[in-house]
Amino acid sequence: MRRKTSLVLLALAVFFAALSPLLRWYAFPRLAKIPANEYQHMVLEARNATLLDYGTMTAKKVPKVTIVQTLKGNVEASEKIERTAGRDVVVWDGLSYVQGPDGKMVSKVPERYIFDAHTQEPVHAKGEMVDGDPVKREGLEFKWPFLTEKRDYEYFDAQARVTAPIHYKGTQDFRGVEVYYFEQTIPWTRVPFPKTMPVKGITPETVAETGTTRWYTTVRKFWVEPVTGAPVYGEEIHKEELRGGTLLGGREKVTAFAGHVKMREDYIRSTVDLVRSNRTAVLLMTSYLPWGFLALGVLLLSLSLYLEARGRRPGEPEPGRSPAPEPVTA
Amino acid sequence: MRALVAATTGLAVAFALVFAITALGSPTGETSPKPLLTTVPPHP
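Residues numbered from 1 in each chain as written. Chains lettered and ligands numbered in written order. Predicted model: local features only at pLDDT ≥ 70, side-chain atom pairs only at ≥ 80, totals over all residues. Heavy atoms only, no water.

Caption draft 1: Structural view of the interface of chain B and chain A. Every contact between the two is made by 33 residues of chain B and, on the other side, 37 residues of chain A. In this structure, the connection of chain B to chain A is made through 0 salt bridges. Residue composition of the side of chain B that touches chain A, by class: 19 nonpolar, 11 polar and 3 charged. (Contact = heavy atoms within 4.5 Å. Salt bridge = Lys/Arg side-chain N within 4 Å of Asp/Glu carboxyl O. Nonpolar A, V, L, I, M, F, W, Y, C, P; charged D, E, K, R; others polar.)

Caption draft 2: How the structure looks around the nonpolar core. Of all hydrophobic cores here, the largest spans 29 residues; its most connected members are Leu19 and Trp92 of chain A. Going through the elements one at a time, helix 1 (2-31), strand 3 (89-99), strand 4 (105-116) and helix 4 (265-311) of chain A together with helix 1 (2-24) of chain B are the ones with two or more residues in this core. Ranked by residues supplied to this core, first place goes to helix 1 of chain A with 10 residues. Those residues within four positions of tryptophan 92 of chain A in sequence are excluded, and the remaining contacts are Ile34, Glu38, Leu71, Lys72, Gly73, Glu111, Arg112, Tyr113, Phe115 and Phe142 of chain A. Listed in part, the 26 residues of the second largest apolar core include Val177, Ala230, Met263 and Ile268 of chain A. (Core = buried A, V, L, I, M, F, W, Y, C linked by side-chain atoms within 4.5 Å. Buried < 20%, exposed > 50% of the residue type's maximum accessible area, 1.4 Å probe, protein only. Helix = DSSP H or I, 4+ residues; strand = E, 2+ residues; numbered from the N terminus.)

Caption draft 3: The arrangement of the pairing of strand 12 (residues 253-263) of chain A in detail. All names here are of chain A. By the bridge criterion, 5 bridges tie strand 1 (residues 39-53) to strand 12 in an arrangement that is antiparallel. Pairing of threonine 50 across the sheet is with alanine 258, part of strand 12. Here strand 11 (residues 230-243) pairs with strand 12 via 9 bridges, running antiparallel. Within strand 12, the residue paired with lysine 239 across the bridge is alanine 258. (Pairing = 2+ DSSP bridges.)

Caption draft 4: Examining the packing of aromatic side chains more closely. Residue and element names in this part refer to chain A. Under the definition given, this model contains 20 aromatic pairs over all chains. Residues tyrosine 155 and phenylalanine 222 carry aromatic rings whose centres are separated by 5.5 Å and whose planes lie at 45° to one another, so their mutual orientation is tilted. Pair noted here: tyrosine 155 is in strand 7 (residues 153-157) and phenylalanine 222 is in strand 10 (residues 213-225), with a separation of 67 residues, a long-range link. Owing to a relative accessible area of 4%, tyrosine 155 belongs among the buried residues under this scheme. An aromatic cluster of three or more residues is present, and its members are Trp144, Tyr153, Tyr155, Tyr168, Tyr180, Phe182 and Phe222. Between arginine 30 and the ring centre of tyrosine 26, over which it is positioned, the NZ or CZ distance is 3.8 Å. In this structure, lysine 143 is placed above the aromatic ring of phenylalanine 146, and the distance from its NZ or CZ to the ring centre is 4.3 Å. (Phe/Tyr/Trp six-rings, centres within 6.5 Å; stacked < 30°, edge-to-face > 60°. Lys NZ or Arg CZ within 6 Å of the ring centre and 35° of its normal.)

Okay, structure coming up:
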């Protein structure tokens, strides 16, 4: 009986010991992924910002500009792309809706971002766009990969439609969560006008006829929780100018927008809570379970060896064998 | 010999379990019916 128990314990020890690396290096990379049906929104605000009044074509100080950013996973589109891409793909249809202090629309920029559900690497397929313009993204956008490293990454800038490095600037504590701080600077770059303008009758084409161009610069800051790769907080020091052309009435340039954009407080709290719970789920697969299973495997192996050793103690007959018969003498 | 069989069984079951779980994956679900927002939501 003791022998049988030690064999069962040995089988269990090998089972758990094998499960440990399999879970971490085989199952985790295949199971950890962004769900295709994700839906999330974010509100960012720029207080005491400068905003162009298109009626007078002058820049004015306004109390608040609000940016509502929605990301919606398009399951049907992702399944269609997966058939040819041969990997798990996520398609995010996004909208950045900018609202002025009077509640009126300032701009709205739709985009479609297609990426690998596991690695967050961009996937190029028909439909990938920013504001209706086809783009071919390189680098990240919105989210970092699981188990983010302390290094620079490439990050796609949707305004300028360019990819530029986003630099790792150190590890910080953000509301009790260890985060990696990343920063990207996009120098003054000429960018297209949004397809939807805030004044009726004005289109990017009519503005282009005046010779006026739109320029933009930003300093983008992200605080990223490294286990999940999810940003828990973001800021942008964002400036836009209109330059040249007849639209400005002889002026060289006018500020279209200038503001320090920050996440709204209630969204920061909800993001931190969400990331904390997701972090636990990822750690379960990358750390808690693999180490737990390994420890259990070692414990069971020790127990199995102990039982085996006890079963073979010298002086005791081996189980299942009867004592040797006494010699018979006449 | 019996110890080897026991160890091999444990190993095989571990591989089978992990392969089965990863092959099953997770359901993709459906596209959310919620819209892309053009108003400021009062809360997350």
